[in-house]
Amino acid sequence: MYTQALNTLDPQAAAEDSVLEARFQARIDAEEKIEPNDWMPAAYRRTLVRQISQHAHSEIIGMQPEGNWITRAPSLRRKAALLAKVQDEGGHGMYLYAAAETLGVSREELVEQLVSGKAKYSSIFNYPTLNWADIGAIGWLVDGAAIMNQIPLCRCSYGPYARAMIRVCKEESFHQRQGYELMLTLCRGTPEQKAMAQDALNRWWWPSLMMFGPSDTESVHSGQTMAWKIKRFSNDELRQKFIDATVPQGHFLGLTFPDPDLAFDEATGHWQHGEIDWSEFARVVAGDGPCNRQRLAAKRKAEADGAWVREAALAHADKRRQRQAAAWRVAAE
Ligand code: BYC
């Protein structure tokens with residue numbers, strides 16, 4: 001990275017860089033995967049670290065709103081499914097941090113950026129889970145939106161990210177189904193249960209649409225990340241695909257969407273939607289959503305409480321290394 005920055009002062013090195021960049025883009029255009037030891041432009045590396053680490057942080061912070069309901073799940077079956085789901089999210093965070101580490105950044109650095117409040121994570125996890133139906137709505141809508149965004153990432157040009165996404169998407173698909181099945185059970189239950197499901201949809205619908213990021217006209221990174229085939233579709237394209245897939249599912253549940261402008265357009269075959277409140281999105285991303293402070297405080301506490309485990313694990317690994325080295329020395333004598 002540093003070398004490429006210096007090259008702007010050296011015409012010959014800059015010319016070499018532009019040859020490398022052209023070769024790199026040709027590989028991307030030919031759908032080749034870029035691997036950790038391959039040459040890549042500094043900006044490609046930076047973009048991947050930004051996106052993959054934000055994604056990892058989202059998975060980790062995303063454990064909190066649902067973790068809130070593990071002790072209050074209404075049956076053993078629901079509790080087992082929710083526990084498994086929250087553990088999966090933790091696992092996704094780990095694969096993603098590992099994928100980011102292949103780009104030369106350490107996990108400690110990334111976690112420090114999260115706990116210090118410098119790093120972004122998905123806006124959606126700054127909303128509260130107020131009743132049990134929220135667990136269904138998160139599975140159905142939030143995991144549904146995540147799948148829509150992440151299936152194309154399985155074809156991302158960067159090999160380690162693309163490969164991590166394959167497993168993540170399989171697990172997200174289970175999450176989406178358990179969420180929808182939970183909503184279906186509530187909607188076929190008592191009028192009170194159906195009202196809970198409707199209330200959850202009312203609160204989670206708009207924040208779920210915001211997960212896809214700003215509109216294409218406001219998206220800073222989409223142009224370049226699509227040229228590099230990190231992203232395959234724009235934010236608005238994915239949002240529209242999600243709406244088209246989800247609205248009929250909501251109608252099957254007998255629920256209504258909290259958008260008076262939602263209407264099917266026969267000419268385009270798409271569901272048209274009302275205006276998204278981008279001022280709310282900006283507030284939540286800037287740290288002023290309903291739960292931003294609570295989420296970061298919980299993460300900081302978990303980091304501090306778990307410090308002794310990390311120290312003990314490192315000391316244990318060190319001791320094993322020393323014992324192994326001593327055993328090799330004895331064997332060599
Ligand atoms: N929240 O130029 P843009 C999950 C930021 S799913 C917060 O369009 P880009 C899970 C963006 O980072 C959720 N910030 O950016 C599901 C950028 O800021 P910086 C995680 C957002 O990167 C279920 C600025 O706005 N999924 O984990 O081209 C259960 C301009 O945006 C948001 C992923 O991370 C947002 N919603 O597109 C548990 C998927 N949207 O960096 C867990 C991978 C935008 O310039 N990520 N921003 O300061 C992506 O696909 C893309 O990064 C995005 C944004 C579509 C999110």
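The text that follows walks through the structure, step by step, so that each part is easy to find. (Residues numbered from 1 in each chain as written. Predicted model: local features only at pLDDT ≥ 70, side-chain atom pairs only at ≥ 80, totals over all residues. Heavy atoms only, no water.)

## Thoughts on the pattern of salt bridges
If you walk through the whole model with that rule in mind, you get 20 salt bridges. As a salt-bridge pair, Glu101 and Arg107 come within 3.2 Å of each other at their nearest N and O atoms. Using a relative accessible area of 32% as the deciding quantity, one classes Glu101 as partly exposed. On the basis of relative accessible area, Arg107 is assigned to the partly exposed category, the value being 24%. Across the salt bridge formed by Arg310 and Glu303, the nearest N and O atoms sit 3.4 Å from each other. One continuous salt-bridge network, built from bridges that share partners, spans Glu66, Lys85, Glu89 and Asp143. (Salt bridge = Lys/Arg side-chain N within 4 Å of Asp/Glu carboxyl O. Buried < 20%, exposed > 50% of the residue type's maximum accessible area, 1.4 Å probe, protein only.)

## Some thoughts on the nonpolar core
Core analysis: the biggest nonpolar cluster contains 77 residues, and Tyr44, Ile52, Tyr158, Tyr161, Trp204 and Trp205 have the highest contact counts within it. The element best represented in this core is helix H8 (residues 159–187), accounting for 11 residues. Sequence-distant contacts of Tyr44, defined by excluding residues within four places in its chain, comprise Phe24, Ile28, Ile34, Ser157, Tyr158, Trp228 and Ile230. (Core = buried A, V, L, I, M, F, W, Y, C linked by side-chain atoms within 4.5 Å. Helix = DSSP H or I, 4+ residues; strand = E, 2+ residues; numbered from the N terminus. Contact = heavy atoms within 4.5 Å.)

## So, the side chain of Arg239
Looking at the secondary structure, you find Arg239 in helix H11 (residues 235–252). Exposure remark for Arg239: the relative accessible area of 2% places this residue in the buried category. A polar side-chain atom of Arg239 sits 2.7 Å from a polar atom in the side chain of Asp236. Ignoring any residue separated from it by four or fewer positions in sequence, one finds Arg239 in contact with Leu209, Met210, Phe212, Gly213, Pro214, Ser215, Ile276 and Trp278. (Polar contact = N/O pair within 3.5 Å; in protein donor to acceptor, adjacent residues only side chain to side chain.)

## Here we look at the site of the ligand
In the region of the ligand, 32 residues are neighbours, and Gln54, Lys120, Ser219, His221 and Lys231 sit closest. For the ligand, an oxygen atom lies 3.0 Å from a polar atom in the side chain of Arg50. Between a nitrogen atom of the ligand and a main-chain N or O atom of Ser123, the distance comes to 2.9 Å. When the ligand is considered free in solution it has 1,000 Å² of accessible area, and contact with the protein chains removes 90% of it. Put simply, the ligand lies in the largest pocket. For the shell around the ligand, the element with the highest residue contribution is helix H3 (residues 42–61), accounting for six residues. (Near = heavy atom within 4 Å. Areas by Shrake-Rupley, 256 points an atom, 1.4 Å probe, with all protein chains shown as cover. 1 Å grid on protein atoms, 1.4 Å probe; cavity = no way out; pocket = protein on both sides within 12 Å on 5 of 7 lines; lining within 4 Å. Sits in = over half its atoms within 2 Å of the grid points.)

## As for unusual backbone geometry
Keep in mind that most residues, glycine aside, have a negative phi and that most peptide bonds are trans. One non-glycine residue, Glu31, lies in the positive phi region at around 65°. For Lys229, which is not glycine, the phi dihedral falls at a positive 55°. Structurally, the position occupied by Lys229 is in the loop between helix H10 (222–227) and H11. Taking the relative accessible area as the measure of exposure, Lys229 reaches 18% and is therefore buried.

## Here's the deal with the layout of surface pockets
Its volume calculated, the largest pocket comes out at about 1,100 Å³. Put simply, the parts of the chain that give the lining of the largest pocket at least two residues each are H3, helix H5 (76–101), helix H7 (133–150), H8, H11 and helix H12 (278–288). Taken together, the residues of the lining of the largest pocket break down into 19 nonpolar, 14 polar and 11 charged. One number sums up the size of the second largest pocket: a volume of about 520 Å³. Together, 16 residues line the second largest pocket, and Met94, Val111, Lys299, Glu303 and Arg310 are the ones closest to its centre. Put simply, the parts of the chain that give the lining of the second largest pocket at least two residues each are helix H4 (63–67), H5, helix H6 (107–115), helix H13 (292–305) and helix H14 (307–332). For the lining of the second largest pocket, the element with the most residues is H6, which contributes five residues. (Points joined across faces, edges and corners; volume = space filled by probe spheres on them. Nonpolar A, V, L, I, M, F, W, Y, C, P; charged D, E, K, R; others polar.)

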